[in-house]
Amino acid sequence: MAQSDEFWSGAAVVTGAGSGLGASMVDRFTSVGMAIVALDIDGVRAQETADKVIAAGGRAIAMGVNVADREAMEKAAKAAEEAFGCCNVLCANVGVQQFGAIDKLTEAEWRWVLDVNVLGVVNTVAAFLPLMRKSSGNRRISLTASSSVLSPGERLGAYIASKFAVMGYGETLRMELESEGIGVTLFIPAGMESRHIESSQLAKPADIPGGIMSQDDLDFMLSSRKIDTAFHVATTEHATRNLLEDLAANHRYIVSHGQYRDEIVERNDDILASFERGQR
Ligand SMILES: NC(=O)c1ccc[n+]([C@@H]2O[C@H](COP(=O)([O-])OP(=O)(O)OC[C@H]3O[C@@H](n4cnc5c(N)ncnc54)[C@H](O)[C@@H]3O)[C@@H](O)[C@H]2O)c1
């Protein structure tokens, strides 16, 4: 048994569990015997994730729920408490994508992205934290951000702004929950093979016109990023390969993959240079 296996008990709640990164996170927590609460706006896919866990001999429930709906998230927390009586891991993983130049993004698109990606995370934590506080055993919260906060690209303004908000929220939450022994980690993946564009299009409210991404947006975004290869993309299995170990260690950040070290250094150098100027 891997060292981190003994660390885990109880139930793991994952939003966006119907697909991609969320489904891979579920696989990891199932592998150490945790019960699963699979949440997704696509209730059919959430149920498929839960069925897979049950078929492998585990325990799971699923709910179709929109993370932007606080009341629905509170109902999900009640259902989790009734089913398993605890929440030891909470992965606020949902994020939707909306490409577009800053001067082209509509107010409705901004509101949708911020509602889901920022308030969705806030709602997820607000709904499940009371149950987490009552749970015995080790407890961890993982918030999914994006490498775009470390390596920004053009045509991603709304998305990147939302993920910076997730970073700010997570940094604060980590400090506020430290004394309770609840670890908070910011999970920062680079590109992944997932349904992100397709699921974002499906989840976009029908009354907001327009697509998620045009070829022109994609070309601009790729050419604006200082990445050697065209785009560093991994499977979600690869992105989660160290998840259990890294969460158990309560690292502040999990940068799962990607090639943008130089950009991080360059930005930090800029901040430090500005700091030094501020000391004059
Ligand atoms: N795919 C990438 O390249 C990439 C890169 C960096 C970060 N991320 C982040 O990883 C996370 C997971 O994305 P993914 O790549 O696994 O995509 P995905 O599309 O495979 O999974 C996202 C899931 O979230 C669900 N969802 C969408 N809106 C929802 C809502 N309002 N309420 C509840 N569920 C909702 C979708 O139905 C889908 O099942 C997101 O936060 C995304 O921003 C993705």
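Keep in mind it's a predicted model, so treat the numbers as computed, not measured.

A few words on the overall build of the chain. Counting secondary structure elements, the chain contains 10 helices and 9 strands. Since a compact globule built from 280 residues should have a radius of gyration of about 19 Å, the 19 Å found for the chain is in line with a globular shape. In terms of principal-axis extent, the alpha carbons of the chain reach across some 50 × 50 × 30 Å. Within the chain, counting contacts between residues at least 6 apart in sequence, those at least 24 apart form 74% of the total.

In the vicinity of the ligand there are 32 residues, among which Gly16, Gly20, Gly95, Ser194 and Ser199 approach most closely. Elements with a contribution of two residues or more to the shell around the ligand: helix H1 (20-31), helix H4 (107-134), strand S7 (191-192) and helix H6 (196-203). Among the residues making up the shell around the ligand, the classes are represented as 10 nonpolar, 18 polar and 4 charged.

This paragraph deals with the environment of Lys204. Relative to the helices and strands, Lys204 is located in the loop between H6 and helix H7 (215-224). What makes Lys204 buried here is the crowd of 21 C-beta atoms within 10 Å. For Lys204 and Val116, which are 88 residues apart along the polypeptide, the C-alpha to C-alpha distance reads 9.9 Å. The contact partners of Lys204, leaving out residues within four places of it in the chain, are Trp112 and Ile212.

Turning our eyes to something else, we now look at the pairing of strand S2 (residues 35-40). The buried fraction of S2 amounts to 6 of the 6 residues, a majority that puts the element mostly inside the structure. Residues of S2 alternate between two faces, with Ala35, Val37 and Leu39 on one and Ile36, Ala38 and Asp40 on the opposite face, all of them buried. As paired strands, strand S1 (residues 11-15) and S2 are joined by 5 bridges and run parallel to one another. Looking at the pairing, Val14 lines up with Ala38 of S2. With H1 bridging S1 and its parallel neighbour S2, the resulting β-α-β unit is right-handed. Handedness of the S2-helix H2 (residues 43-55)-strand S3 (residues 60-64) crossover: right-handed.

As summarised here, the arrangement of the 7 strands in space is S3-S2-S1-S4-S5-S6-S9, forming an open sheet in which the pairing is parallel. Bordering the open sheet on either side are S3 and strand S9 (253-255), each of which pairs with just one other strand. Along the sheet, successive strands turn relative to each other by an average axial angle of 15 degrees, direction set aside. In this fold helix H3 (residues 70-84) packs onto S1, S2 and S3, with an angle of close to 165 degrees to the strand it touches most, S3. With respect to the sheet, helix H5 (residues 157-177) is in contact with strand S5 (139-144) and strand S6 (182-188), its orientation differing from that of S6 by roughly 160 degrees.

The next thing to look at is the nonpolar core. Membership of the largest hydrophobic core comes to 72 residues, with the highest contact counts inside it found for Ala11, Val13, Ile36, Ala38 and Leu90. With 10 residues, H4 is the largest single contributor of residues to this core. Excluding anything up to four places from it in sequence, Leu90 contacts Val13, Thr124, Val125, Phe128, Met132 and Ile141.

The subject of this paragraph is H1. Taking 1.5 Å of rise per residue, the 12 residues of H1 would be expected to cover 16 Å, and the 17 Å separating its terminal C-alpha atoms lies within 8% of that figure. The buried fraction of H1 amounts to 10 of the 12 residues, a majority that puts the element mostly inside the structure. Considered for burial, the residues of H1 that qualify are Gly20, Leu21, Gly22, Ala23, Ser24, Met25, Val26, Arg28, Phe29 and Thr30. Gly33 lies just past H1 and shows a positive phi near 80 degrees.

At a closest axis distance of 9 Å, the pairing of H3 and H4 adopts a crossing angle of 30 degrees. Relative to H4, H3 is oriented roughly parallel. In the crossing of H3 with H4, the sense of the turn from one axis to the other is right-handed. Note on element contacts: H4 touches H3 through Asn123, Thr124, Ala126, Ala127, Phe128 and Leu131, opposite Arg70, Met73, Glu74, Ala76, Ala77, Ala80 and Glu81.

Another point: the pairing of S5. Of all the 6 residues making up S5, 6 are buried; the element is thus mostly covered by neighbouring parts of the structure. On S5, burial covers both faces: Arg139, Ile141 and Leu143 on one face and Arg140, Ser142 and Thr144 on the other are all buried. Bridge count for strand S4 (residues 89-92) against S5 is 4 bridges, and the pairing is parallel. Of the residues in S5, the one forming a bridge with Val89 is Arg140. Note: S5 against S6, 6 bridges, orientation parallel. Residue pairing for S6: Thr144 is matched across the bridge by Phe187.

The backbone of Arg155 shows a phi angle near 70 degrees, a positive value even though the residue is not glycine. Along the polypeptide, Arg155 turns up in the loop between S5 and H5. Backbone geometry places Asn250, a non-glycine residue, at a positive phi of 55 degrees.

Basis of the calculations
Residues numbered from 1 in each chain as written. Predicted model: local features only at pLDDT ≥ 70, side-chain atom pairs only at ≥ 80, totals over all residues. Helix = DSSP H or I, 4+ residues; strand = E, 2+ residues; numbered from the N terminus. Rg over C-alpha atoms; globule rule 2.2 N^0.38 Å. Contact = placed C-beta atoms within 7 Å. Near = placed C-beta within 6 Å. Nonpolar A, V, L, I, M, F, W, Y, C, P; charged D, E, K, R; others polar. Buried ≥ 20, exposed ≤ 12 C-beta atoms within 10 Å, placed from the backbone. Pairing = 2+ DSSP bridges. Right-handed = clockwise from strand over helix to strand, strands pointing away. Axes fitted to C-alpha atoms, helices over the stretch in contact; angles between N-to-C directions. Core = buried A, V, L, I, M, F, W, Y, C linked by C-beta atoms within 7 Å. Expected span 1.5 Å × (residues − 1). Parallel < 35°, antiparallel > 145°, perpendicular 65-115°, else oblique. Left-handed = near helix turned anticlockwise from the far one by under 90°.

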